Amino acid sequence: MAAAEKPVLVDKMGARSTVWKYFGFKPNDKGQPLNLEAPQCKRCYKVCLAKGGKTSNLSKHLKDNHADLFKDFSQERQVIMLFTSSLVTPPTQKQPTLQDVFQQHMKYPKDSEDAKRLNRAVAEFICMDQVPIYSVEKAGFRNLVHNLDKKYDLPSRNFFMYNEIPKIYDETRSMISAQLAEKPFFACTTDLWTSRTASAYMAVTLQYITKAWEIESWCLGCSALQSDHTAESLKEALEDIVIESWGLDMTNMSGITTDNASNNRKAFADDFNWIPCFGHNLDLAVKKAIAIDRVASSLSRLRNTISAFSRSNKMTRMLKEKQASLNLPQHKLIHDEPTRWGSTYDMVERFCEQQQAVSAVLADDRKKWHLMPRDSDMTILETVRDVLAPLSEFTDALSGEKEATLSSVLPLIWKIRACLEDEEGDSPLMREMKHSSKQDFEKRYDEYNLKMTLNIATFLDPRFKNMFVTMEEQVKMELLLKVDTVHLPREHSQEQQEESVDDTGAATSKKKRSDLKSLLCSIASEKKGADTRQDSATPMTTPSDKLQYLCIPASSCASERVFSTSGNICSPRRSRLTEENVDTLVFLARNLKKEKK
């Protein structure tokens, strides 16, 4: 066709496909396409049908007749597809280049900073949230990670177990070791635990006072025991952890707090300043009271009643209906647990609250009448509630790792004795329960060395001084002997100590008080009102004395929490974890959150 005979073609308006770049339409009088279904090739001017705007015939025409145009068309189409599949670029940002688009689909190199940062985040998630390591190979988790960052190539479980987690473990140990190297005195707690696979473990936690005169606590480990739980093996295991593993000087250990097991007492009482757990002592005293025959029988029948409700969906549903009709709180019944302090009181108190609703449910079913509480049982249960109620507030208050130090024990003992004193109107059963608890509780603090340690710790606490001290003269003599024999590192000077105590006191007044702080404050106020004795002159004490005694924990809750963590980690689906891996994961689960804070 001659140049003069070339028809004039107009482009299709709003065309999306790049193929329309090579085709046009004959125009009408207004310069618009005459027939949208009959486009013509701009090179050979051949008409190709495009019914309904379909472009398959157009691309076939280019492929069969114009190979060079088809090649350009194919390359341009691939580039456009890459752009549309990538992230949408905000209108205010610069249009990404073709190289940028390709880089968005490339994975991070394994040694890149981005890959290392994400590997660390995943490993910390596994440790801090006690998640099974095999989670990184689960489809749901991999899909989540892919959607968060498509360039991150999630490594295998073996990478985290044998590379990343051990690296975090070494770094955390180094950080804790650096802190412990500066501390003149520390105290420990320890406890034993048996896993689902019958492996025995010893947990050891350490507590000390920082330069800011605040309590800090770390988990030193959860090591497997390969021998019987004799006193000798427990002592050897403790020394292996504290001395061999952490390189600490046992002469700087102010005290060690454990439960009242005979092997613990025998292992630590002779060579160390052994402190029985205050919470365990209180729990044992309470159990002495509820072991009285009449009380134990009523509690046994109560447990049967509560078990019947917990096993029956129908009875639970009916209980909710009765609670609504009687305008009672929608509370579930509580079953006590032998390992949970105060759970017996919680069980009795909740049943007394819901007794009307429970009786109404049982009355509707003749087969359940034998579970109906007797009048005598209700009298006994109400007596148990009234005796244990004043003691229940001590349970939660003693659960903190930073507040429940040894100096708070004597004030709490004073208050517990007051709660267990006979009052006018007490029933014979109530008096018997009080006497049983009080007698059992007091005998656990009869040993001279323990009483001396408690008195010194309370005397050195500026909140109490000699307010609750029962061995004032002996305490003064003991402190005078220690002034010349105990030395403090330079950074813990008397001037710093006084300034820190003042600052801490000022800061504490601005913070919300914990349960124990409020309880001790009320006990101190009550004691001042009951005691008209004037404070006598006190001997000069050094900051070392305070560091040595005030860091000792009153309970072994810290070690027991380690085993709560261990139970989460050693779940039935993770029963094949080695003892070394259990120790590593428990150590990081307990310490990594504190390090992050």
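Everything below is about the structure printed above this text.
Residues numbered from 1 in each chain as written. Predicted model: local features only at pLDDT ≥ 70, side-chain atom pairs only at ≥ 80, totals over all residues. Heavy atoms only, no water.

Some thoughts on helix α16 (residues 448-460)
Spelled out, the test is: Going along the chain from the N terminus, every DSSP run of H or I of four or more residues is numbered as a helix, and every run of E of two or more is numbered as a strand. What a helix should span is 1.5 Å times the count of its residues minus one. Any residue under 20% of the maximum accessible area for its type is buried, any over 50% is exposed, and the rest in between are partly exposed; the area is computed with a 1.4 Å probe on protein chains only.
In this model α16 runs 18 Å from its N-terminal to its C-terminal C-alpha over 13 residues, within 8% of the 18 Å that 1.5 Å per residue would give. With respect to burial, α16 is a largely interior element, ten of its 13 residues being buried. Within the span of α16, buried status applies to L450, M452, T453, L454, N455, I456, A457, T458, F459 and L460.

Comments concerning the sheet that holds strand β6 (residues 253-258)
The strands that make up a sheet are held in pairs by hydrogen bonds between backbone atoms, and each pair lies either parallel or antiparallel. Inclusion rule: Two strands are said to pair when DSSP picks up at least two bridges between them. Geometry is summarised by axes, namely lines fitted to C-alpha atoms with helices restricted to the contacting stretch, and by angles between N-to-C directions that run from 0 to 180 degrees.
Reading across from one edge, β5-β4-β3-β6-β7 is the order of the five strands in this open sheet, with mixed pairing throughout. The open sheet has two edge strands with one neighbour each: β5 (215-225) and β7 (274-276). Within this sheet the neighbouring strands show an average axis-to-axis angle of 25 degrees, counted without direction. By the bridge criterion, eight bridges tie strand β3 (residues 186-194) to strand β4 (residues 200-209) in an arrangement that is antiparallel. Note on β4: the bridge partner recorded for T194 is A200.

Details of the packing of helix α14 (residues 409-419) against α16
Selection criterion: Under this scheme an angle from 65 to 115 degrees is roughly perpendicular, one under 35 degrees roughly parallel, and one over 145 degrees roughly antiparallel; angles in between are oblique. Any two residues whose heavy atoms approach within 4.5 Å at even a single point are treated as in contact. Following the grouping adopted for this structure description, the nonpolar residues are Ala, Val, Leu, Ile, Met, Phe, Trp, Tyr, Cys and Pro, the charged ones are Asp, Glu, Lys and Arg, and the polar ones are all others, Gly among them.
Look at α14 against α16: their axes get within 8 Å of each other, and the N-to-C directions meet at 105 degrees. Classed by the angle they form, the pair α14 and α16 counts as roughly perpendicular. Residues V409, L410 and P411 of α14 form the contact with α16, whose participating residues are L454, N455 and T458. Among the residues forming the contact of α14 with α16, the class breakdown is four nonpolar, two polar and no charged.

Section: the nonpolar core
To keep things clear, this is the line we draw: For the purposes of this section, nonpolar cores are sets of buried Ala, Val, Leu, Ile, Met, Phe, Trp, Tyr and Cys residues that join through side-chain atoms within 4.5 Å. For the domains described, the bounds stem from an automatic or database domain assignment.
Counting 79 residues, the largest nonpolar core has V295 and M433 as the members making the most contacts within it. By residue number, the principal contributor to this core is helix α12 (residues 343-363), which donates nine residues. Among the domains, domain 3 (182-277 + 550-596) and domain 4 (282-446) are the pair contributing at least three residues each to this core. If we skip the residues at most four places from it in the chain, V295 touches A289, I290, I380, V384, L429 and M433.

Let's talk about the pairing of β6
This is how the line gets drawn: Viewed with both strands pointing away, a crossover whose connecting path from the first strand over the helix to the second turns clockwise is right-handed.
By the criterion of burial, β6 is predominantly enclosed, with six of the six residues buried. By the bridge criterion, four bridges tie β3 to β6 in an arrangement that is parallel. Of the residues in β6, the one forming a bridge with C188 is I256. Pairing between β6 and β7: three bridges, direction parallel. Paired with T257 across the bridge in β7 is I275. Of the crossover connections in this fold, the one passing from β6 over helix α8 (residues 262-268) to the parallel β7 is right-handed.

What about the packing of aromatic side chains?
Two aromatic rings, taken as a pair, are described by how far apart their centres are and by the angle between their planes. The criterion, for reference: For Phe, Tyr and Trp, where Trp contributes only its six-membered ring, two rings pair if their centres lie within 6.5 Å, and the inter-plane angle classes them as stacked under 30 degrees, edge-to-face over 60, or tilted in between. Lysine and arginine charges are scored as sitting over a ring when NZ or CZ, respectively, is within 6 Å of the ring centre and within 35 degrees of the ring normal.
Applying the stated criterion to the full structure yields 14 aromatic pairs. Ring geometry for F159 against F160: centres 5.4 Å apart, planes inclined by 80 degrees, an arrangement best described as edge-to-face. Looking at F160, the relative accessible area reads 0%, which means it is buried. Look at W246 and F587: their rings are 6.0 Å apart centre to centre, the planes differ by 35 degrees, and that puts the pair in the tilted class. Highlighted residues: W246 in the loop between α7 (231-245) and β6 and F587 in helix α22 (residues 579-596), separated in sequence by 341 residues. Joined through ring pairs, the aromatic side chains of Y169, W246 and F587 make up one cluster. Sitting above the plane of the W246 ring, R173 keeps its charged end 4.1 Å from the centroid.

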